[in-house]
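Remarks on the overall topology
In case you want the letters, here they are:
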Amino acid sequence: MSYRIGLVGKPSVGKSTFFNAATMNDVPEGAYPFTTIDPTVGEAYVRVDCAAPEFDETCTPSVGVCREGTRFVPVKLVDVAGLVPGAHEGRGLGNQFLTDLNETDVLIHVVDFSGKTDIEGETTEGHDPREDIDFLEEELDEWYLDVLEKGLEKFETRYHGADAAIERELAEQMSAFGIDKDRMKRVILAEGLELDPATWDDADKADLAREIRKRTKPMVVAANKMDTPEAQANWEEITTDPDYDHLSFVPASAHAEKALKNANDAGVVDYAPGDSGFEVVGDVSGDQEAGLDQIGEFVAEYDGTGVQGALEAAVFDVLGCIAVFPGSANGSKDEKGVFRDCFILPEGSTTEDFAFHIHSDIGEGLLHGTDCRSGRQVGAAHELSHRDVIELVSTKQAAP
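Residues numbered from 1 in each chain as written. Predicted model: local features only at pLDDT ≥ 70, side-chain atom pairs only at ≥ 80, totals over all residues. Heavy atoms only, no water.

**Digging into the overall build of the protein**
Looking only at helices and strands, the protein features 12 helices and 16 strands. Across the 400 residues that make up the protein, the buried fraction comes to 50%. Residue pairs at least 24 apart in sequence account for 67% of intrachain contacts in the protein once pairs closer than 6 positions are excluded. Summed over all atoms, the accessible surface of the protein reaches about 18,400 Å², with 44% contributed by carbon and sulfur. (Helix = DSSP H or I, 4+ residues; strand = E, 2+ residues; numbered from the N terminus. Buried < 20%, exposed > 50% of the residue type's maximum accessible area, 1.4 Å probe, protein only. Contact = heavy atoms within 4.5 Å. Areas by Shrake-Rupley, 256 points an atom, 1.4 Å probe, with all protein chains shown as cover.)

**Things to note about the nonpolar core**
Core analysis: the largest hydrophobic core is formed by 53 residues, its most contacted members being Phe-113, Met-174, Ile-212 and Phe-249. No other element matches the 10 residues that helix 3 (residues 129–158) contributes to this core. Split by domain, this core shows at least three residues from each of two domains, domain 1 (4–126 + 218–317) and domain 2 (137–214). If we skip the residues at most four places from it in the chain, Phe-249 touches Phe-113, Ile-133, Val-221, Trp-235, Ile-238, Thr-239 and Tyr-244. One finds Phe-19, Ala-52, Val-315 and Ala-323 within the second-largest nonpolar core, a separate group that totals 42 residues. (Core = buried A, V, L, I, M, F, W, Y, C linked by side-chain atoms within 4.5 Å. Domains from an automatic or database assignment.)

**Overview of helix 7 (residues 229–239)**
Within helix 7 the residues assigned to the buried category are Ala-231, Asn-234, Trp-235 and Ile-238. Around the axis of helix 7, the buried residues are gathered within 115° of arc, so they sit on the same side. Along helix 7, exposed side chains directed more than 90 degrees from the buried face belong to Pro-229 and Glu-236. Buried residues along helix 7 sit against helix 3, strand 6 (219–224) and strand 7 (248–251). (Arc of directions from axis to C-beta.)

**Let's talk about the pairing of strand 10 (residues 322–326)**
Burial of strand 10 is extensive: four of the five residues sit out of reach of the surface. By the bridge criterion, three bridges tie strand 10 to strand 13 (residues 343–345) in an arrangement that is antiparallel. Each residue of the ladder has a partner; that of Ala-323, found in strand 13, is Ile-344. Bridging between strand 10 and strand 16 (residues 388–394) involves three bridges; their strand directions are parallel. By the bridge assignment, Pro-326 is partnered in strand 16 with Ile-390. (Pairing = 2+ DSSP bridges.)

**Structural notes on the pairing of strand 7**
Inspection of the sheet shows strand 6 paired to strand 7 by four bridges, in the parallel sense. The residue bridging Val-221 from the neighbouring strand is Phe-249, located in strand 7.

**A short note on the pattern of salt bridges**
The final tally for this structure, using the stated rule, is 21 salt bridges. Two residues, Asp-128 and Arg-130, come together in a salt bridge whose shortest N-O distance is 3.2 Å. By relative accessible area, Asp-128 is classed as partly exposed at 27%. With its nearest N and O atoms 3.3 Å apart, the salt bridge here joins Arg-130 to Asp-241. Linking Arg-130 in helix 3 with Asp-241 in the loop between helix 7 and strand 7, this pair joins segments that are 111 residues apart in sequence. Taking relative accessible area as the criterion, Asp-241 reaches 16% and is therefore assigned buried. Sharing partners across several salt bridges, the network here consists of Asp-128, Arg-130, Glu-237 and Asp-241. (Salt bridge = Lys/Arg side-chain N within 4 Å of Asp/Glu carboxyl O.)

**Examining the side chain of Asn-224**
Along the chain, Asn-224 turns up in strand 6. Non-local contacts of Asn-224, meaning those with residues more than four positions away in its chain, are made with Val-13, Gly-14, Val-110, Val-111, Asp-112, Phe-113, Ser-114, Ala-231, Ala-252, Ser-253 and Ala-254.

**Quick look at the packing of aromatic side chains**
The full count for this structure, using the stated rule, is 10 aromatic pairs. Both rings, one in Trp-235 and one in Phe-249, keep their centres 6.4 Å apart while their planes meet at 85°; by these two values the pair is edge-to-face. Pair noted here: Trp-235 is in helix 7 and Phe-249 is in strand 7, with a separation of 14 residues, a long-range link. The pair formed by Trp-235 and Phe-249 is uniform in burial state, with each residue classed as buried. Consider the rings of Phe-298 and Tyr-302, whose centres lie 5.0 Å apart with planes at 40°: the pair is tilted. With Phe-298 and Tyr-302 both in helix 9 (residues 286–302), this residue pair falls four residues apart, about one helical turn. Among the aromatic residues, those joined into a cluster by ring pairs are Phe-55, Phe-325 and Phe-339. (Phe/Tyr/Trp six-rings, centres within 6.5 Å; stacked < 30°, edge-to-face > 60°.)

**Topic: the side chain of Ser-253**
Position of Ser-253 relative to the elements: it lies in the loop between strand 7 and helix 8 (254–265). Relative accessible area serves as the criterion here: at 1%, Ser-253 is assigned to the buried category. In this structure the side chain of Ser-253 is engaged in a polar contact, spanning 3.0 Å, whose partner is the side chain of Asp-227. Beyond its immediate stretch of four places on either side in the chain, Ser-253 contacts Asn-224, Lys-225, Asp-227, Phe-298, Thr-305 and Val-307. (Polar contact = N/O pair within 3.5 Å; in protein donor to acceptor, adjacent residues only side chain to side chain.)

**Some points on the confidence of the model for the protein**
Across the protein, pLDDT averages 89, with 88% of residues at or above 70. Per-element mean pLDDT across the protein ranges from 52 in strand 11 (residues 333–334) up to 98 in helix 10 (residues 307–318). (pLDDT = per-residue confidence, 0-100.)

**Considerations on a negative patch on the surface**
A cluster of acidic residues, Glu-191, Asp-201, Asp-202 and Asp-207, forms a negative patch at the surface. Structurally, Asp-207 can be placed in helix 6 (residues 202–216). Owing to a relative accessible area of 42%, Asp-207 belongs among the partly exposed residues under this scheme. (Patch = residues over 30% accessible without salt bridge, like charges linked within 9 Å, V, L, I, M, F, W, Y side chains within 5 Å. Lys, Arg positive; Asp, Glu negative; His and termini not counted. Charge placed at Lys NZ, Arg CZ, Asp CG, Glu CD.)

Take a look at the structure:
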């Protein structure tokens, strides 16, 4: 039931390196188009401060790990291939790209901020990364517009008179994007449009498609190769450009993250993903020491390599998710262990949502919840907060 983060980017920007750094899976890397030709799904992690220390306990995670009070909770990372200009028209691996992309909840767009790869992924100098950001958004907008226009065509032929409801038809047509008729109606009205498509012109349709896309396929830009001076100069220009205020940017070096994880695995450094520093604990050559010094300066300057930061920005900042621990009022223990689970839930989730997330039986028999920190009883409609520890009291137990 993990959230799925789609990893997208044009060829040769370091997308596969980012994927490998986040998951440490063996995915081929290479500076040529379609290195990744199938969607590859790996397990990455987002960090949550563990609740166990507050109860004088040591957690026993059923999935993920806990390191010095930081819980690493699994999410799915999907490395999607085929992003080239014209993808929405089927160019390259475009049709498969769009299908795979639609299986994700949020996107991380890996962009070469050094400007050393052009729009096709070929080696160059002085390329403006804004072109890459724009072309992904334009490809997605065209895709959404195509689907929206199909819905408008169906509406024109199916519905007449008082029963006509454009939000219902469009929501049905665009249901794969996770939008229902109520949300569709809110978006249409928020754009200042009437609920009558006969009053919309082409610009209205394009604007509506773009707004639906922004709300249903939110995005983080991982500004990769930020350990180069060219990328740092581009960062200052792009992140202060008001045209990109709707996007979240994270400075990143996928190469640095992977190097640190490899060094940690080899016993050369002590490094935890997302940390803004590391300790050299093994023997290193002069060249290795110089390389680690350079990486150390980067992670200190940017508060980490950005790989972990991009994952967490996608889940917690852009999607607005919260982490919730199942607990018990006497210290969150059960016969299977202590603080075994930590679940990532949508923003605004209630006690009842939490119960159904764990198991439908628990949800159906829910009586109430208990806030394990305060001991206070909370009702089914109580909205949960990030890092809540909640005991669920139900007439039913989950099936074994």
